[in-house]
Amino acid sequence: MFRTRRLRKTENIRRLVRENKLSVDDLIYPLFIEEGENIETEIVSMPGIYRFSLDKISKELDEVVALNIPAILLFGIPALKDEEGSETWNDEGIMQKAVRFIKKNYPSLYVITDVCFCEYTSHGHCGIIHDNDVDNDATLPNIAKQVIAQAKAGVDMVAPSGMMDGMVQTIREALDNTGFPNIPIMSYAVKYSSAFYGPFRDAADSAPTFGDRRTYQMDPSNRDEALREATFDDQEGADILMVKPALSYLDIIRDVKNNFDRPVATYNVSGEYAMIKAAAQKGWIDEERVMMEALLSMKRAGADIIITYFAKDVAKVLMRK
Ligand code: PBG
């Protein structure tokens, strides 16, 4: 008789046949850095996650290093917004200041920057607006300027999240032509127009003031289109392909993993974090077990890298084991 239960009998045999494991090596921790001083504001819908000003960030970074988390992903919240998001290419802009500060004081930490405009534009969209929509080709030169400013500040890797066509090629050329051929690109290749970003938009103050992002982010109904998106970014030279969000898009993670010879990252986004935290606070679920199971499902789907607000919590659990 077939007895699949033989290999489930004890924890030791289960350890031997276990197919997927979470490791702290897989994790990237997102951080929100706000222009100003003395800021340490907890985000209401993301318990345990804060907006920090640079003078308040060291405690958090010390913890990330102590937990052996390899990398952080930075989002900037500027004091000044304008139509174009020009703070993104200002050498004294918050992102550039943050990168210089962190690379100086925590040289071993791998620093990744978000490349986008929505936190920096007065209208909250991810590029230049013409005729009530983001103008793809007018936005590309500004993406190049933003990336060069981040590169000059000393960033290790850039992560474009704006879903503009041609953004990866633009960034690759900009970096190569300015003496930064070794900075890799982790592209938000497959990014859906998702309601799961709700808490992030409060955190990063980046909700659009009119319309939505459906003319540039993907329709959640589409699966085949994800391969087209990933193909373009792969051909344009993305070093890592990202699928975002994670939990409702595990099928897409597996498709990208099976079809491309690139490391696959996924973003366990703010709404996914908020749901688990909220249910746990009500006492309705076991937070630690649900968190570990959710992240494990991303590994099983094929993610090599997981960007998650749970990174510190997961690292603590893994240290105990
Ligand atoms: C855009 C960006 C967003 C997220 C990461 N980068 C928001 C959006 O597209 O509206 C969402 C991350 C999250 O929800 O955790 N710069």
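Computed from a predicted model, the values in this text were never measured in an experiment.

Draft legend 1. Fine view of a positive patch on the surface. Taken together, the side chains of Arg3, Arg5, Arg6, Arg8 and Lys9 present a region of like positive charge at the surface. Here Lys9 shows up in the segment before α1 (11–17). A residue is classified by how much of its surface remains accessible, and Lys9, at 70% relative accessible area, is exposed.

Draft legend 2. Summary view of the environment of Thr231. Locating Thr231 in the fold gives a position in helix α7 (residues 224–236). Exposure remark for Thr231: the relative accessible area of 26% places this residue in the partly exposed category.

Draft legend 3. How the structure looks around a nonpolar patch on the surface. A cluster of nonpolar side chains, Leu7, Leu16 and Val17, forms an exposed patch at the surface whose accessible area comes to about 300 Å². Its place among the elements puts Val17 in helix α1.

Draft legend 4. Quick look at empty space enclosed by the protein. Evaluated as defined, the whole model comprises 2 cavities of 30 Å³ or more. Approximately 140 Å³ is the volume found for the largest cavity. Along its surface, the largest cavity is lined by 18 residues, and Cys118, Lys191, Tyr197, Phe200 and Lys244 are the ones closest to its centre. Class assignment of the residues belonging to the lining of the largest cavity gives a composition of 8 nonpolar, 4 polar and 6 charged. Forming the walls of the second largest cavity are Val115, Cys116, Phe117, Cys126, Ile143, Ser161, Gly162 and Met167. By residue class, the composition of the lining of the second largest cavity is 6 nonpolar, 2 polar and no charged.

Draft legend 5. A look at the pairing of strand β8 (residues 157–160). Here β8 shows a buried face lined by Met157 and Ala159 and a second buried face lined by Val158 and Pro160. Relative to β8, strand β5 (residues 110–115) runs parallel, the two sharing 4 bridges. Its bridge partner being in β8, Thr113 is matched across the sheet by Val158.

Draft legend 6. Representation of the packing of aromatic side chains within the structure. Enumeration over the complete set of coordinates arrives at 10 aromatic pairs. One aromatic cluster is present, formed by Phe32, Phe75, Tyr188, Phe200, Tyr267, Tyr273, Tyr309 and Phe310 through successive ring pairs. Sitting over the face of the ring of Trp89, Lys145 holds its NZ or CZ atom 3.9 Å from the ring centroid. Its end group placed over the ring of Tyr197, Lys244 keeps NZ or CZ at 4.6 Å from the ring centre.

Draft legend 7. Structural detail: the nonpolar core. One finds Phe32, Ile72, Leu74, Met186, Val190 and Tyr267 to be the most contacted residues of the largest nonpolar core, which totals 104 residues. In this view, Val190 contacts Met218, Ala226, Glu229, Ala230, Met242, Val243, Lys244, Ile252 and Val256; residues no more than four positions away in its chain are not counted.

Draft legend 8. Representation of the layout of surface pockets within the structure. The calculated volume of the largest pocket comes to roughly 600 Å³. Lining the largest pocket are 14 residues, with Arg18, Leu22, Met292, Leu296 and Lys321 sitting closest to its centre. Listing elements by their share of the lining of the largest pocket, those giving two or more residues are α1 and α10 (287–301). Sort the elements by how many residues they give to the lining of the largest pocket and α10 lands first, with 6 residues. Forming the walls of the second largest pocket are Leu7, Arg8, Arg14, Val17, Arg18, Glu19, Asn20 and Arg300.

Draft legend 9. Geometry of the pattern of salt bridges. A full pass over the atoms with the stated rule returns 22 salt bridges. A salt bridge links Arg18 to Glu11; the nearest nitrogen and oxygen atoms lie 3.4 Å apart. Its relative accessible area of 37% is what places Arg18 among the partly exposed residues. When the shortest N-O distance is used, the salt bridge between Glu34 and Arg51 registers 3.0 Å. Residue Glu34 is found in strand β1 (residues 27–34), and its partner Arg51 is found in strand β3 (residues 50–52); the two are separated by 17 residues along the sequence. On the accessibility criterion, Glu34 (17% relative accessible area) is buried. Here Arg51 falls in the buried class, since its relative accessible area comes to 14%. Through salt bridges with shared partners, a single ionic network connects Glu60, Glu63, Lys312 and Lys316.

Draft legend 10. Structural detail: the packing of helix α4 (residues 136–153) against helix α5 (residues 167–177). Where α4 meets α5, the closest approach of the two axes is 9 Å, and the angle between their N-to-C directions is 45 degrees. Put simply, α4 runs oblique to α5. Between α4 and α5 lies a crossing whose hand is right-handed. Seen from α4, the contacting residues are Leu140, Ile143, Ala144, Val147, Ile148 and Ala151; seen from α5, they are Met167, Thr170, Ile171, Ala174 and Leu175. Within the contact of α4 with α5, the residues separate by chemical class into 10 nonpolar, 1 polar and no charged.

Definitions and limits used
Residues numbered from 1 in each chain as written. Predicted model: local features only at pLDDT ≥ 70, side-chain atom pairs only at ≥ 80, totals over all residues. Heavy atoms only, no water. Patch = residues over 30% accessible without salt bridge, like charges linked within 9 Å, V, L, I, M, F, W, Y side chains within 5 Å. Areas by Shrake-Rupley, 256 points an atom, 1.4 Å probe, with all protein chains shown as cover. Salt bridge = Lys/Arg side-chain N within 4 Å of Asp/Glu carboxyl O. Lys, Arg positive; Asp, Glu negative; His and termini not counted. Charge placed at Lys NZ, Arg CZ, Asp CG, Glu CD. Helix = DSSP H or I, 4+ residues; strand = E, 2+ residues; numbered from the N terminus. Buried < 20%, exposed > 50% of the residue type's maximum accessible area, 1.4 Å probe, protein only. 1 Å grid on protein atoms, 1.4 Å probe; cavity = no way out; pocket = protein on both sides within 12 Å on 5 of 7 lines; lining within 4 Å. Points joined across faces, edges and corners; volume = space filled by probe spheres on them. Nonpolar A, V, L, I, M, F, W, Y, C, P; charged D, E, K, R; others polar. Pairing = 2+ DSSP bridges. Phe/Tyr/Trp six-rings, centres within 6.5 Å; stacked < 30°, edge-to-face > 60°. Lys NZ or Arg CZ within 6 Å of the ring centre and 35° of its normal. Core = buried A, V, L, I, M, F, W, Y, C linked by side-chain atoms within 4.5 Å. Contact = heavy atoms within 4.5 Å. Axes fitted to C-alpha atoms, helices over the stretch in contact; angles between N-to-C directions. Parallel < 35°, antiparallel > 145°, perpendicular 65-115°, else oblique. Left-handed = near helix turned anticlockwise from the far one by under 90°.

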